[in-house]
Amino acid sequence: DAKTTQPNSMESNEEEPVHLPCNHSTISGTDYIHWYRQLPSQGPEYVIHGLTSNVNNRMASLAIAEDRKSSTLILHRATLRDAAVYYCILRALWNTDKLIFGTGTRLQVFP
Amino acid sequence: NAGVTQTPKFRVLKTGQSMTLLCAQDMNHEYMYWYRQDPGMGLRLIHYSVGEGTTAKGEVPDGYNVSRLKKQNFLLGLESAAPSQTSVYFCASTPWGAQNTGELFFGEGSRLTVL
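Residues numbered from 1 in each chain as written. Chains lettered and ligands numbered in written order. Predicted model: local features only at pLDDT ≥ 70, side-chain atom pairs only at ≥ 80, totals over all residues. Heavy atoms only, no water.

1. Points about the packing of aromatic side chains
Any pair of aromatic rings gets described here by the distance separating the centres and the angle formed by the planes.
Alright, step 1. The tally for this structure, following the rule as stated, stands at 10 aromatic pairs over all chains.
Alright, step 2. Between the aromatic rings of Tyr 87 of chain A and Phe 101 of chain A, the centroid separation amounts to 5.5 Å while the plane-to-plane angle is 75 degrees, which identifies the pairing as edge-to-face. Of the two residues, Tyr 87 of chain A sits in strand β8 (residues 84-92) while Phe 101 of chain A sits in the loop between β8 and β9 (105-110), which places them 14 residues apart along the sequence.
Alright, step 3. On the accessibility criterion, Tyr 87 of chain A (1% relative accessible area) is buried.
Alright, step 4. For Phe 101 of chain A, a relative accessible area of 1% gives the class buried.
Alright, step 5. Summarising the aromatic geometry, the rings of Tyr 33 of chain B and Tyr 48 of chain B are spaced 6.3 Å apart at their centres and angled 25 degrees between planes, so their arrangement reads as stacked. Placement of the pair is Tyr 33 of chain B in strand β4 (residues 31-37) and Tyr 48 of chain B in strand β5 (residues 43-49), with a sequence separation of 15 residues. As far as burial versus exposure is concerned, Tyr 33 of chain B and Tyr 48 of chain B are alike and both buried.
Alright, step 6. Put simply, the rings of Tyr 36, Tyr 46, Tyr 87 and Phe 101 of chain A together with Tyr 33, Tyr 35, Tyr 48 and Phe 106 of chain B touch in pairs and so form one group of aromatic residues. (Phe/Tyr/Trp six-rings, centres within 6.5 Å; stacked < 30°, edge-to-face > 60°. Helix = DSSP H or I, 4+ residues; strand = E, 2+ residues; numbered from the N terminus. Buried < 20%, exposed > 50% of the residue type's maximum accessible area, 1.4 Å probe, protein only.)

Put into structure tokens, the structure is as follows:
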């Protein structure tokens, strides 16, 4: 199973941009990069996903390295509600079994 | 829309007791998963199912059994509960194939304490 590596924790001030990195050096050509976040006392929620090109949605942006061995989740203006654990996972297009989450990055946002 | 519903939400067991956690989804999803999350830790996959009547082991399957008799339900059983199984359990589901937008849908979690 392809694995991801993320820093244990990061800090940000409110209204500043946040760049959350993820390394996935063993990614295969058919693996999508997915990001989820888990707010305190809640189940994880989907944030964004991509394959090769950078992606934007209302929650965040995903920047994918040209060699696809790393990616960065970008929160353009952090708010206190963005304080959560962020998980980067790999998911094959047609084979979605055995989705491994890892430990994620705990983001703290200060006012 | 109910989405993914887990029952019960809270349960306290004594060591050696058995119980079953129920996960129900109303989105006609093929794939379903059971994860556990210990305090301050990430999610660990216990078992998963790629369709009705199928199940497979995840990262930490020991001490658990699962069944997927109906497409909408995924049951997680503890035959003889141990304190090490004290955790929060999350169920998730996702569609297969062309309908797969990449999103896993999670339940709210079931907090289990084994004394």
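2. Brief notes about the state of the cysteines
Alright, step 1. One pass over the full model with this rule turns up two disulfides over all chains.
Alright, step 2. Between the sulfur atoms of Cys 22 of chain A and its disulfide mate Cys 88 of chain A the distance is 2.1 Å. The S-S bond linking Cys 22 of chain A to Cys 88 of chain A shows a torsion near -80 degrees; that makes this disulfide left-handed. Taken as a pair, Cys 22 of chain A in strand β2 (residues 18-23) and Cys 88 of chain A in strand β8 lie far apart in primary sequence, 66 residues in all. Comparing Cys 22 of chain A with Cys 88 of chain A, the two get one shared label, buried.
Alright, step 3. Covalently, Cys 23 of chain B is tied to Cys 91 of chain B through a disulfide, its sulfur atoms 1.8 Å apart. Between Cys 23 of chain B and Cys 91 of chain B, the disulfide has an S-S torsion of -75 degrees and is therefore left-handed. In this pair, Cys 23 of chain B is assigned in strand β3 (residues 19-25) and Cys 91 of chain B in strand β9 (residues 87-94), connecting sequence segments 68 residues apart. (Disulfide = S-S within 2.5 Å.)

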